[in-house]
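Secondary and tertiary structure notes
Here are the chains, one letter per residue:
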Amino acid sequence: MYPFIGPVPAYAIFYVGGIILHFVIARRIARRTDLKRRVGLAAGVCYLLAMTLGAKVLFDLRHSDFNLAALVTVERWTRGGLWGGLLAYFPVALPCVLLLSERKTAALDLVAASVPIPLIAAKLGCLLNGCCYGRPCSLPWAITFPEGARGAPAGVPLHPTQLYEIGVMAILLAVFRLSASDLWRGTKPLWFVLIYGLGRAATDFLRGDMEYDARVGSLTTTQRICLGAAAGAAAVLAIVWRSRSSGGPALSLRQNAGQR
């Protein structure tokens, strides 16, 4: 589409913009839910580190090209790519906010609720850049990239996989609104992993930049991780629902955690 805005790569502008948005959104959520400012700030720092350093390290490890010393060089950051930022974000951000806040359920929800809009910004960057593109298709909503797109083949109608992932984020935002009752308080990270995991696994079947095994029914590394995480999240959500709907210990724990 438009890989550069002036002399600056469009992907970099939207990716960095998404990180800034995360700080802003996390702070607003912290203020609205009466959490201490440090909780929102900590989540923002975790997102910044995960989507940059964490995503770079995971990309290099996935491609068997990890070099710790090279991470401090400009050349390392201007080649290759980023992968698995969320895989680094949640394991770091969740324990971090739990340590910093007495209101555990509100802090857990903040970690997940602050992510969809920044990810939408990042995927818009992918769309402009031409990366994360889809397979060829003849559907009415197929998109065609011009010459100069960074990755996508020019002039070929493709699945708009970037827009599909934005649609997954829109579904997440809707679910977060619908799950705002006391019954589901503190479960937004589980809903995120469930819905994003299923959505990303489905979207990857339509990706044109993925390397698939020759075996029928094979899955990518990303799909295996997403489906496994989604299954685990669904199981925990079922346990939470059964416990809280029957007024069990989990409900009492939530009520106590919601107090200062």
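First, a word on scope: everything that follows refers to the structure included in this document. (Residues numbered from 1 in each chain as written. Predicted model: local features only at pLDDT ≥ 70, side-chain atom pairs only at ≥ 80, totals over all residues. Heavy atoms only, no water.)

Scanning the protein chain from terminus to terminus reveals 10 helices and two strands. Tracing the protein chain from N to C terminus, the helices and strands come up as β-β-α-α-α-α-α-α-α-α-α-α. A globule of 260 residues ought to have a C-alpha radius of gyration of about 18 Å, and the protein chain, at 19 Å, matches this closely. Dimensions along the principal axes, computed over C-alpha positions, put the protein chain at roughly 60 × 40 × 35 Å. Residues classed as buried in the protein chain amount to 45% of the 260 residues present. Within the protein chain, contacts between residues separated by at least 24 positions form 65% of all contacts whose residues are at least 6 apart in sequence. For the protein chain, the exposed area adds up to about 13400 Å²; of that, 66% sits on carbon and sulfur atoms. Computed over 27 positive and 13 negative side-chain charges, the separation of the two mean positions in the protein chain equals 10 Å. (Helix = DSSP H or I, 4+ residues; strand = E, 2+ residues; numbered from the N terminus. Rg over C-alpha atoms; globule rule 2.2 N^0.38 Å. Buried < 20%, exposed > 50% of the residue type's maximum accessible area, 1.4 Å probe, protein only. Contact = heavy atoms within 4.5 Å. Areas by Shrake-Rupley, 256 points an atom, 1.4 Å probe, with all protein chains shown as cover. Lys, Arg positive; Asp, Glu negative; His and termini not counted. Charge placed at Lys NZ, Arg CZ, Asp CG, Glu CD.)

The subject of this paragraph is the nonpolar core. Ranked by size, the top nonpolar core spans 45 residues in total, and within it Leu86, Tyr89, Leu119, Trp191, Phe192 and Tyr196 carry the most contacts. Element by element, the count of residues in this core is highest for helix α2 (residues 37–62), at seven residues. Excluding anything up to four places from it in sequence, leucine 119 contacts Tyr47, Met51, Leu86, Met169, Phe192 and Tyr196. In this structure, Tyr133, Ala149, Ala152 and Leu158 belong to the second largest nonpolar core, which totals seven residues. (Core = buried A, V, L, I, M, F, W, Y, C linked by side-chain atoms within 4.5 Å.)

Looking now at the packing of helix α6 (residues 116–129) against helix α7 (residues 161–178). With their axes 9 Å apart at the nearest point, α6 and α7 run at an angle of 170 degrees to one another. As the angle between them shows, α6 and α7 are arranged roughly antiparallel. From α6, Pro116, Ile117, Leu119, Ile120, Lys123, Leu124, Cys126 and Leu127 reach across to α7, where they touch Gln162, Leu163, Glu165, Ile166, Met169, Leu172, Leu173 and Phe176. A class-by-class count of the residues in the contact of α6 with α7 yields 13 nonpolar, one polar and two charged. (Axes fitted to C-alpha atoms, helices over the stretch in contact; angles between N-to-C directions. Parallel < 35°, antiparallel > 145°, perpendicular 65-115°, else oblique. Nonpolar A, V, L, I, M, F, W, Y, C, P; charged D, E, K, R; others polar.)

It is worth spelling out the packing of aromatic side chains at this point. Using the criterion set out here, one finds six aromatic pairs in the structure. Relative to phenylalanine 90, the ring of tyrosine 89 lies with its centre 5.1 Å away and its plane at 70 degrees, an arrangement referred to as edge-to-face. An angle of 25 degrees between the planes, with centres 5.6 Å apart, marks the rings of phenylalanine 192 and tyrosine 196 as stacked. Taken together, the positions of phenylalanine 192 and tyrosine 196, both in helix α8 (residues 188–204) and four residues apart, correspond to about one turn of that helix. Phenylalanine 192 gets classed as buried once you look at its relative accessible area, which sits at 2%. With relative accessibility at 15%, the residue tyrosine 196 sits in the buried group. Connected via pairs of aromatic rings, a cluster forms that spans Tyr47, Tyr89, Phe90, Phe192 and Tyr196. (Phe/Tyr/Trp six-rings, centres within 6.5 Å; stacked < 30°, edge-to-face > 60°.)

With 16 residues, helix α4 (residues 85–100) extends 22 Å from end C-alpha to end C-alpha; this agrees with the ideal 22 Å at 1.5 Å per step. Regarding α4, the residues found buried are Gly85, Leu86, Ala88, Tyr89, Phe90, Ala93 and Val97. For α4, the elements touching its buried residues are α1 (10–32), α2, α5 (104–113), α6 and α8. (Expected span 1.5 Å × (residues − 1).)

Time to look at a positive patch on the surface. Taken together, the side chains of Arg27, Arg28, Arg31, Arg32, Arg37 and Arg177 define a basic patch exposed on the protein surface. Take the positive patch: its biggest share by element is four residues, from α1. Relative to the elements of secondary structure, arginine 28 occurs in helix α1. A residue is classified by how much of its surface remains accessible, and arginine 28, at 59% relative accessible area, is exposed. (Patch = residues over 30% accessible without salt bridge, like charges linked within 9 Å, V, L, I, M, F, W, Y side chains within 5 Å. Salt bridge = Lys/Arg side-chain N within 4 Å of Asp/Glu carboxyl O.)

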